[in-house]
Amino acid sequence: MRKNTIQRRFVTLIEMMIVMFLIALITAVVAYNYRGSLDEGKAFKTSTAITKLETILNLEVAKHPDLSGRIASDWQSVIRASPLVQDPNALIKDGWGEDFQVGINQDTGGIEVSSRKYNEYKSTHLTLFNK
C-alpha cells in the first residue's frame, strides 16, 4: 500500500529576503543612472534656452535700441511679447526651474544670459563640456 504523501514546498523567509535585496539593488542602480540622465536633459534644455534667449533679446534690442538700457530688468516682458516665442513661460525658466540672469556685456554690448544651476552643473561635469 502506498501512502498518499503530498510534498509541499514553501518559500522560506531567507529566500524572500534575498529576492527583495536583489530587487532593491537593481532598482538603486537604475535610479542612479536615471538621475544622471535627468541632469543631462536639464543641462541641454538650459543650454538651448540660453542660446534662444540671447538671440531673441539681441534681435529685439537691434529693432528697438531704446530697450538696451532696461533689457536686464525687463527682459521677461520682452520675451512674452515676442512673436518668435511659442511658450514664453517655458523659456523664462532654466531646466531646474529657476529664472535666468540677463545682463549686457560691457565689451561687446551684446546680451548675456546665464543660469546659476547650469554653471554649477558645468563646473561639476567638466568632461561633458570639454568637447
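Our subject is the structure that appears above.
Residues numbered from 1 in each chain as written. Predicted model: local features only at pLDDT ≥ 70, side-chain atom pairs only at ≥ 80, totals over all residues. Heavy atoms only, no water.

Visitor: Explain the packing of aromatic side chains to me, using residue names and the numbers behind them.
Guide: This structure, assessed with the given rule, holds one aromatic pair. Ring centres of W96 and Y121 lie 5.9 Å apart, and the angle between their planes is 45°; this geometry places the pair in the tilted category. Pair noted here: W96 is in the loop between helix 3 (88-92) and strand 1 (101-104) and Y121 is in helix 4 (residues 116-124), with a separation of 25 residues, a long-range link. The class for Y121 is buried, based on a relative accessible area of 6%. (Phe/Tyr/Trp six-rings, centres within 6.5 Å; stacked < 30°, edge-to-face > 60°. Helix = DSSP H or I, 4+ residues; strand = E, 2+ residues; numbered from the N terminus. Buried < 20%, exposed > 50% of the residue type's maximum accessible area, 1.4 Å probe, protein only.)

Visitor: So what's going on with helix 1 (residues 13-63)? Residues and values would help.
Guide: Given 3.6 residues per helical turn, the α-helix brings residues three or four places apart onto the same face. The terminal C-alpha atoms of helix 1 lie 74 Å apart, and with 51 residues this matches the ideal 75 Å at 1.5 Å per residue to within 8%. Buried within helix 1 we find D39, A43, T46, A49, I50, L53, I56, L57, E60 and V61. In this structure, the buried side of helix 1 is in contact with helix 2 (71-81), helix 3, strand 1, strand 2 (111-114) and helix 4. (Expected span 1.5 Å × (residues − 1). Contact = heavy atoms within 4.5 Å.)

Visitor: Can you break down the nonpolar core residue by residue, with the values?
Guide: If you look at the biggest cluster of nonpolar residues, it comprises 21 residues, and the most contacted ones within it are L57, W75, I79 and V113. Tallying contributions element by element places helix 1 first for this core, with seven residues. Dropping the residues within four chain positions of it, V113 is found in contact with I50, L53, E54, L57, F100, Q101 and V102. (Core = buried A, V, L, I, M, F, W, Y, C linked by side-chain atoms within 4.5 Å.)

Visitor: Give a description of the pattern of salt bridges that names residues and reports values.
Guide: Applying the stated criterion across every chain yields a total of five salt bridges. The salt bridge partner of E98 is R116, with a shortest N-O separation of 2.9 Å. Of this pair, E98 sits in the loop between helix 3 and strand 1 while R116 sits in helix 4, placing them 18 residues apart in sequence. On the accessibility criterion, R116 (41% relative accessible area) is partly exposed. Counted as one network, the salt bridges with shared partners bring together E98, R116 and E120. (Salt bridge = Lys/Arg side-chain N within 4 Å of Asp/Glu carboxyl O.)

Visitor: Tell me about the pairing of strand 1, and name the residues and values.
Guide: One ladder, built from four bridges, connects strand 1 with strand 2; its direction is antiparallel. Directly across from Q101, in strand 2, lies its bridge partner S114. The hairpin formed by strand 1 and strand 2 contains six residues between the paired strands, and G109 there has a positive phi angle of roughly 80°. (Pairing = 2+ DSSP bridges.)

Visitor: Talk me through the side chain of D39; I want residue IDs and the actual numbers.
Guide: Along the chain, the position of D39 falls in helix 1. The buried charged residue D39 lacks any salt bridge partner; its closest oppositely charged side chain belongs to K42, at an N-O distance of 4.5 Å. When residues no more than four places from it in sequence are discounted, the contact partners of D39 are W96 and Y121. (Lys, Arg positive; Asp, Glu negative; His and termini not counted.)

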